[in-house]
Amino acid sequence: KKNRLTVMMLCRSLLSASRAAARGFSSTKGLNGTSSAAPTAVVMMNLGGPETTSDVHDFLLRLFNDRHIIKLPAQSLTAAWIARRRTPDIMKQYEKIGGGSPIHSWTKKQGAGMVQLLDQMNPDTAPHKFYVGFRYAKPLMEDALQQMVEDGVRRAIAFTQYPQYSCTTTGSSLHQLRDCLLSMGIEDQIQWSVLDRWGTHPSFINAVVDNVRAGVASFPVERQKDVVILFSAHSLPLKTVDKGDTYPHEVAATVSHVMSALGLDLSHRLVWQSKVGPLPWLAPQTKDAVKELHRLGHKNILIVPIAFTSDHIETLYEIDIELIGELVGHEIKDPDFMVKRAESLNAGPRFVQALADVVHDHLKQPLSSSQLRLRCPGCVDDACGDTKLFFHDR
């Protein structure tokens, strides 16, 4: 009876741990019911996306109020005007992909799997708990920090969900994190380290390679040798690139590593999507590249999202609907022209393992990269320097 009771209590403890992991916290309550130590926090930073169409306006308002990436005259008034003007069109786009962005859902699934693996891989820093801190959508960074305070967190990793660094993505999220820590008066309460880029980590590369290989295999066998791979990443204004933003060459490094590991003799190009406004951005645009490759006689194209790890509006609407559905399905009238998209990484087991591997390696030497400490040569934003020093000093 005693052994049976012990087994029953152990099963209940394991069940409780699995349920907690699904909520983001790998609990390690003992058989006597005592609570575990404060968790090691892994803050999954991203710009986020509106979960419902009713969230679109506030998402856009926060985006256009971010002076770190968009400087507008009379910022608050102009941002409010742009948000109101663009909301109806953006709402229609989200309606076409199911009524909202799935990025929060995917991030929670990724985080739950990641911390379960981390508890096994890094028992010395267990338990681990993930927190989602978005820049422009809920849950916002301040929501994540408030929960961390309530959980008694003393050690945290700021883990960008953008494998390649840009001042407009990871940089903006770090600004927000610093501002929130200072405004909440908790800047010295938690020991921070920053995982600011991981675009060439072997586990991440292998996860991408799996999806590229599956994408190529989805073409008829006789066409696979002629597939052209277009690695598509979110574009940047050239004025940002000209300041010295490292994003373009970091994305290119990811592409180079993927093609080397893929081991297939296929042509490829790096292309850019999501350009907004009249100013020059990184080119060629993904849609233009597809049209021009068709003009040059190519009939088999695989588009691979290389800077997006989860499905959201850039993959589900811009690529799947605007490009493949409308351009290839209607504008280009060629029944022999085949364009496909490789699956996004989402919460696939190989990618969840990659996330855990990236954090595991960081925990062994919790330092930000030397690149994070260097401002872009053309940087004129003093807040950027303050943020870099803030996290470097920790």
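As a starting point, this report considers the structure included with it.

Right, let's get into the pairing of strand E5 (residues 228–234). The buried fraction of E5 amounts to 6 of the 7 residues, a majority that puts the element mostly inside the structure. Note that E5 and strand E7 (residues 300–305) share 5 bridges and pair parallel. Bridge assignment links Leu-230 to a residue of E7, and that residue is Ile-303. Judged from the 6 bridges that link them, E5 and strand E6 (residues 268–273) form a sheet pairing that is parallel. Residue Ala-233 lies in a different strand from E6, and its bridge partner there is Trp-272.

Let us now look at the side chain of Asn-300. Along the chain, Asn-300 turns up in strand E7. Its relative accessible area of 5% is what places Asn-300 among the buried residues. Of the polar contacts made by the side chain of Asn-300, one reaches the side chain of Arg-223; its length is 2.4 Å. The contacts of Asn-300, once residues within four sequence positions are left out, are Phe-219, Arg-223, Asp-226, Val-227, Val-228 and Met-338.

Applying the stated rule across the entire model yields 6 aromatic pairs. Here Phe-159 and Trp-198 contribute two aromatic rings whose centre-to-centre distance is 5.5 Å and whose plane-to-plane angle is 50°, an arrangement assigned as tilted. One end of the pair, Phe-159, is in strand E3 (residues 155–160); the other, Trp-198, is in the loop between strand E4 (191–195) and helix H7 (202–217), and 39 residues separate them in sequence. Here the two residues Phe-159 and Trp-198 agree in accessibility, since each one is buried. Judged by centre distance (5.2 Å) and plane angle (75°), the ring pair of Trp-198 and Phe-204 falls under edge-to-face. An identical accessibility class is assigned to Trp-198 and Phe-204; each is buried. Site record: aromatic cluster; members linked through ring pairs are Phe-159, Trp-198, Phe-204 and Phe-351.

A word on the packing of helix H10 (residues 286–295) against helix H11 (residues 313–331). Packing of H10 against H11 leaves a shortest axis separation of 11 Å and a crossing angle of 30°. The orientation of H10 relative to H11 falls into the category roughly parallel. For the pair H10 and H11, the crossing hand works out as right-handed. For the pair H10 and H11, contact is made by Thr-286, Lys-287, Val-290 and Lys-291 and by Leu-323, Leu-327, Val-328 and Glu-331, respectively. Taken together, the residues that form the contact of H10 with H11 break down as 4 nonpolar, 1 polar and 3 charged.

Once that is clear, we can look at the state of the cysteines. Going through the model one piece at a time under the given rule, you end up with 0 disulfides. This cysteine, Cys-180, is not joined by any disulfide, and Cys-384 carries the nearest cysteine sulfur, 17 Å off. For Cys-180, a relative accessible area of 8% corresponds to the buried category. The thiol of Cys-376 is not disulfide-bonded; the next cysteine sulfur, from Cys-167, is found 3.8 Å away. Take Cys-376: its relative accessible area is 16%, and that puts it in the buried class.

Thresholds applied
- The residue numbering used here restarts from 1 in each chain and proceeds along that chain's sequence as written.
- Local features in a predicted model are, by the rule used here, given only for residues with pLDDT of at least 70; side-chain atom pairs are given and counted only at 80 or more, and totals for whole chains, interfaces and linings are based on all residues.
- Only hydrogens and water are removed before side-chain values are computed, so all heavy atoms of the structure are retained for them.
- Exposed residues in this analysis have more than 50% of their type's maximum accessible area, buried residues have under 20%, and partly exposed residues fall in between, with area computed by a 1.4 Å probe over protein chains only.
- Strands here mean DSSP runs of E at least two residues long; helices mean DSSP runs of H or I at least four residues long; both are numbered from the N terminus.
- Any two strands with at least two DSSP-identified bridges between them are counted as paired.
- Distance and chemistry together define a polar contact, namely a pair of N or O atoms within 3.5 Å, with one atom able to donate a hydrogen and the other to accept it when in protein, and with adjacent residues in sequence counting only for side-chain atoms on both sides.
- Here, two residues are considered to be in contact whenever any of their heavy atoms come within 4.5 Å of each other.
- The criterion for an aromatic pair is that two Phe, Tyr or Trp rings (for Trp, the six-membered ring) have centres within 6.5 Å, with stacked assigned to planes under 30 degrees apart, edge-to-face to planes over 60 apart and tilted to the rest.
- Axis lines are fitted to C-alpha atoms, over the contacting stretch for helices. Their N-to-C directions set the angle, which ranges from 0 to 180 degrees.
- An angle below 35 degrees is treated as roughly parallel, one above 145 as roughly antiparallel, one from 65 to 115 as roughly perpendicular, and anything else as oblique.
- Each crossing is labelled by how the near helix is turned from the far one, with a counterclockwise turn of less than a right angle marking it left-handed and a clockwise turn marking it right-handed.
- Under this grouping Gly is polar, as are all residues other than the nonpolar Ala, Val, Leu, Ile, Met, Phe, Trp, Tyr, Cys and Pro and the charged Asp, Glu, Lys and Arg.
- Two cysteine sulfurs form a disulfide in these notes if their separation is within 2.5 Å.

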